[in-house]
Amino acid sequence: MNKYQRHEAIIRWVNEQGTVRVSEIVSRYNVSDMTVRRDLEELDDQGLLKKIHGGARSNSAFQYKEITHEDKFDKNTDQKRYIAQRASELIDEGDVIFIGPGTTTALLAEVINYQALSVVTNCLPIFNILLKKKSETFHVYLLGGEMRSVTQSFVGEITNMSLENMRFGKIFFGGNGVKDGIVMTSSVAEAYTQKMALEHSVESYLLLDSSKVWKEDFSKLCHLSDLTAVVMEESNEDKKQAIQVYTELIV
């Protein structure tokens with residue numbers, strides 16, 4: 001079990017139990033006391049749990065259930081297609097871009113229609129879509145690593161080491177929920193990889209259908225104020241305001 005898997009397991013266990021002691025985590029995951037304390041400090045800093053004397057306490061009553069990549073395709077399809085089309089208009093010939101995992105980003109991959117482009121992704125379905133467009137001037141790169149079967153995306157040390165040496169003009173990515181300006185996703189490991197890609201991009205665009213506004217998920221990905229803009233379909237004024245108070249909204 002690597003660091004990111006351990007973090008996810010600790011968060012789930014703490015949320016299930018309410019509170020967990022350091023000694024219990026040491027015994028359960030066969031790691032040192034020092035490692036557990038570092039893990040808890042890091043997770044506390046990310047707001048994923050509360051580090052307390054001798055252990056950790058859950059700070060969320062959120063009930064986590066991740067939906068598979070395939071199942072997500074059946075939800076809000078028209079809105080996602082609109083968002084993907086609007087996002088494609090933000091791309092220019094010759095761009096170097098990163099596309100993160102997700103169904104809306106997969107639809108973006110489908111509608112991309114440029115002659116000269118370099119696209120990097122860590123999501124296998126998106127890579128397969130883009131591979132059909134590959135040419136001498138249209139380059140496609142898949143980051144390897146450990147695959148998360150639910151989203152069919154690669155995460156972990158190998159993925160992140162590859163990302164460390166890359167820079168992008170633009171990133172297009174998705175999220176499972178946005179509340180109080182916080183963009184959330186379902187996995188600590190996936191969030192970490194996405195954060196690294198965000199930090200290495202000049203412009204950043206969140207593709208978000210309005211059903212995800214005011215929803216929560218498992219792990220914080222970023223803050224809306226860190227982004228260039230959010231691309232969303234036409235929605236009610238309250239949901240628009242929930243985005244626009246932090247960043248530009250493209251509809």
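Since this is a predicted model, take the numbers as computed values, not measurements.

Participant: Before we go on, may I ask you to explain the sheet that holds strand S3 (residues 55-57) in this structure?
Facilitator: Ordered in space as S1-S3-S2, the three strands form an open sheet in which the pairing is antiparallel. Looking at strand neighbours, the two that pair on one side only are strand S1 (19-21) and strand S2 (50-52), the edges of this open sheet. Across the sheet, the axes of successive neighbouring strands diverge by a mean angle of 25 degrees, strand direction being ignored. Strand direction decides the pairing type here: S2 and S3, joined by three bridges, are antiparallel. Counterpart to Lys50 in the pairing with S3 is Arg57. Strand contacts of helix H1 (residues 3-17): S1 and S3, with the helix running at about 120 degrees to S1, the strand carrying the most contacts. Helix H3 (residues 33-45) rests against S2 and S3 of the sheet, and its axis sits at about 140 degrees to S2.

Participant: Just checking my understanding: could you explain the domain arrangement of the chain for this structure?
Facilitator: For interface size, the figure often reported is the accessible area lost on association. Splitting the chain by domain gives domain 1 (3-61) and domain 2 (69-249). The C-alpha centroid of domain 2 is placed 29 Å from the C-alpha centroid of domain 1. Contact residues are listed per partner, giving nine residues for domain 1 and 13 residues for domain 2. A combined buried area of about 960 Å² lies between domain 1 and domain 2, and 57% of that area is made up of carbon and sulfur atoms. Sorting the residues of domain 1 by area buried against domain 2 places Tyr4, Glu8 and Gln46 first, and these three jointly supply 58% of that buried surface. Our enumeration of links across domain 1 and domain 2 arrives at zero salt bridges.

Participant: Sorry if this is basic, but what is going on with the UniProt feature "domain: HTH deoR-type" (unreviewed entry) in the chain here?
Facilitator: Under the local residue numbering, the UniProt record ascribes the feature "domain: HTH deoR-type" (unreviewed entry) to residues 3-58. Helix makes up 64% of residues 3-58 and strand 16%, whereas the separation of the span's terminal C-alpha atoms amounts to 19 Å.

Participant: What exactly am I supposed to notice about the pairing of strand S11 (residues 182-185) here?
Facilitator: When a strand is regular, its side chains alternate between the sheet's two faces. Bridge analysis of strand S10 (residues 177-179) against S11 gives three bridges, and the strand direction is antiparallel. Across the sheet, the residue bridging to Gly177 is Met184, located in S11. Counting the residues that bridge the hairpin from S10 to S11 gives two residues, and of these Asp180 lies at a positive phi of roughly 55 degrees. As judged from the four bridges shared by S11 and strand S13 (residues 219-223), these two strands associate in the antiparallel manner.

Participant: How do you make sense of the packing of H1 against helix H9 (residues 188-199) when you look at a structure like this?
Facilitator: Each pair of packed helices gets described by two things: the angle between the helix axes and the distance between those axes. Taken N-terminus to C-terminus, the directions of H1 and H9 make an angle of 130 degrees; their axes are 8 Å apart at the nearest point. By the angle between their axes, H1 is oblique relative to H9. Contacts from Tyr4, His7, Glu8 and Ile11 in H1 reach Val188, Ala189 and Tyr192 in H9. Tallied by class, residues from the contact of H1 with H9 come to five nonpolar, one polar and one charged.

Participant: Is there a simple way to explain the pattern of salt bridges in this structure?
Facilitator: Close approach of charged atoms allows side chains with opposite charge to pair. All told, the structure shown has 13 salt bridges when counted by the stated rule. Two residues, Glu89 and Arg86, come together in a salt bridge whose shortest N-O distance is 2.6 Å. Owing to a relative accessible area of 23%, Arg86 belongs among the partly exposed residues under this scheme. One network of salt bridges, with partners in common, ties together Asp92, Asp95 and Lys170.

Participant: In this structure, what is going on with the nonpolar core? I would like to understand it.
Facilitator: When a protein is soluble and globular, its nonpolar side chains tend to lie buried together. Counting 27 residues, the largest nonpolar core has Leu108, Ile112 and Leu130 as the members making the most contacts within it. Elements supplying a minimum of two residues to this core: helix H5 (77-88), strand S4 (96-99), helix H6 (103-111), strand S5 (117-121), helix H7 (124-131), strand S6 (138-142), strand S12 (201-207) and strand S14 (229-231). Counting residues in hydrophobic clusters, the runner-up holds 24 residues, among them Ala197, Leu198, Leu208 and Val213.

Thresholds applied
Residues numbered from 1 in each chain as written. Predicted model: local features only at pLDDT ≥ 70, side-chain atom pairs only at ≥ 80, totals over all residues. Heavy atoms only, no water. Pairing = 2+ DSSP bridges. Helix = DSSP H or I, 4+ residues; strand = E, 2+ residues; numbered from the N terminus. Axes fitted to C-alpha atoms, helices over the stretch in contact; angles between N-to-C directions. Contact = heavy atoms within 4.5 Å. Domains from an automatic or database assignment. Buried area = accessible area lost by both parts, 1.4 Å probe. Salt bridge = Lys/Arg side-chain N within 4 Å of Asp/Glu carboxyl O. UniProt positions renumbered as here; feature names shortened; annotations may be inferred. Parallel < 35°, antiparallel > 145°, perpendicular 65-115°, else oblique. Nonpolar A, V, L, I, M, F, W, Y, C, P; charged D, E, K, R; others polar. Buried < 20%, exposed > 50% of the residue type's maximum accessible area, 1.4 Å probe, protein only. Core = buried A, V, L, I, M, F, W, Y, C linked by side-chain atoms within 4.5 Å.

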